[in-house]
Amino acid sequence: KGCTWQGNIKDIDTHIPKCLNQVVTCDKCKQNMQGDQLESHVKDECVLRYYRCVYCQIVGEYNFITGRHQEVCPDVVLPCTNEGCQQNIKRCNMELHRQTCPKEIVNCPYYDMGCQEKMAREDIDKHEETKTKIHLRKALEKIKEKSCPISIKLTKFSKHKRLQNHWYSSGFYTSAGGYKLRLHLDASGNG
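Residues numbered from 1 in each chain as written. Predicted model: local features only at pLDDT ≥ 70, side-chain atom pairs only at ≥ 80, totals over all residues. Heavy atoms only, no water.

(A) Spotlight on the packing of aromatic side chains. Using the criterion set out here, one finds one aromatic pair in the structure. When the ring of tyrosine 51 is compared with that of tyrosine 62, the centres are 4.9 Å apart and the planes differ by 85°; the resulting orientation is edge-to-face. Here tyrosine 62 lies in helix α3 (residues 62–65) and tyrosine 51 lies in strand β3 (residues 50–52), a separation of eleven residues in the sequence. Given a relative accessible area of 29%, tyrosine 51 falls into the partly exposed group. Positioned above the aromatic ring of tyrosine 62, the side-chain terminus of arginine 49 is 3.9 Å from the ring centre. (Phe/Tyr/Trp six-rings, centres within 6.5 Å; stacked < 30°, edge-to-face > 60°. Helix = DSSP H or I, 4+ residues; strand = E, 2+ residues; numbered from the N terminus. Buried < 20%, exposed > 50% of the residue type's maximum accessible area, 1.4 Å probe, protein only. Lys NZ or Arg CZ within 6 Å of the ring centre and 35° of its normal.)

Okay, here's the thing in structure tokens:
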């Protein structure tokens, strides 16, 4: 169909396999087409042709690389999923980015102490500044809940009482990243 070849009938057998108007089949995808379309099909259109991922450079079949592979390719650049963050991050670095992203919604650092507020990471300092008294009160409540009677043996108590000495504990934190406290004991009972 559409062939304009002219020649001796005895030469037809050598012409037909080379005829560009002959219907041929792609070896990879088995699609039928005219012979003159085969070269461009194999190079640019066949869904089973070899194709290189533009992100990670892995080579595979075109339909795989442009389909399922794009959904998992570690080097695909994606926008951060946090509202307001304008950064574009490689998929393989997204979790690391989210651990430091200023727009990531996080619990208050005093969540374990009872502060249930959530905020963007960039707003933590402001929250802590405005809620210091509440955090301290919650931390003290937690300490009271968890505290058990502590016995401390004081040596030479009478001498310290007479001299009006004071004892101080080493500093300790109410929680990881919490307030630093220390205990003060007045031998005369003041305070």
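(B) Spatial organisation of the state of the cysteines. One pass over the structure, following the stated rule, counts zero disulfides. Note on cysteine 46: no disulfide assigned, nearest cysteine sulfur contributed by cysteine 29 at a separation of 3.8 Å. Residue class for cysteine 46 comes out buried when judged on its relative accessible area of 1%. You can see cysteine 115 has no disulfide; the closest cysteine sulfur is in cysteine 108, sitting 3.6 Å from it. A residue is classified by how much of its surface remains accessible, and cysteine 115, at 5% relative accessible area, is buried. (Disulfide = S-S within 2.5 Å.)

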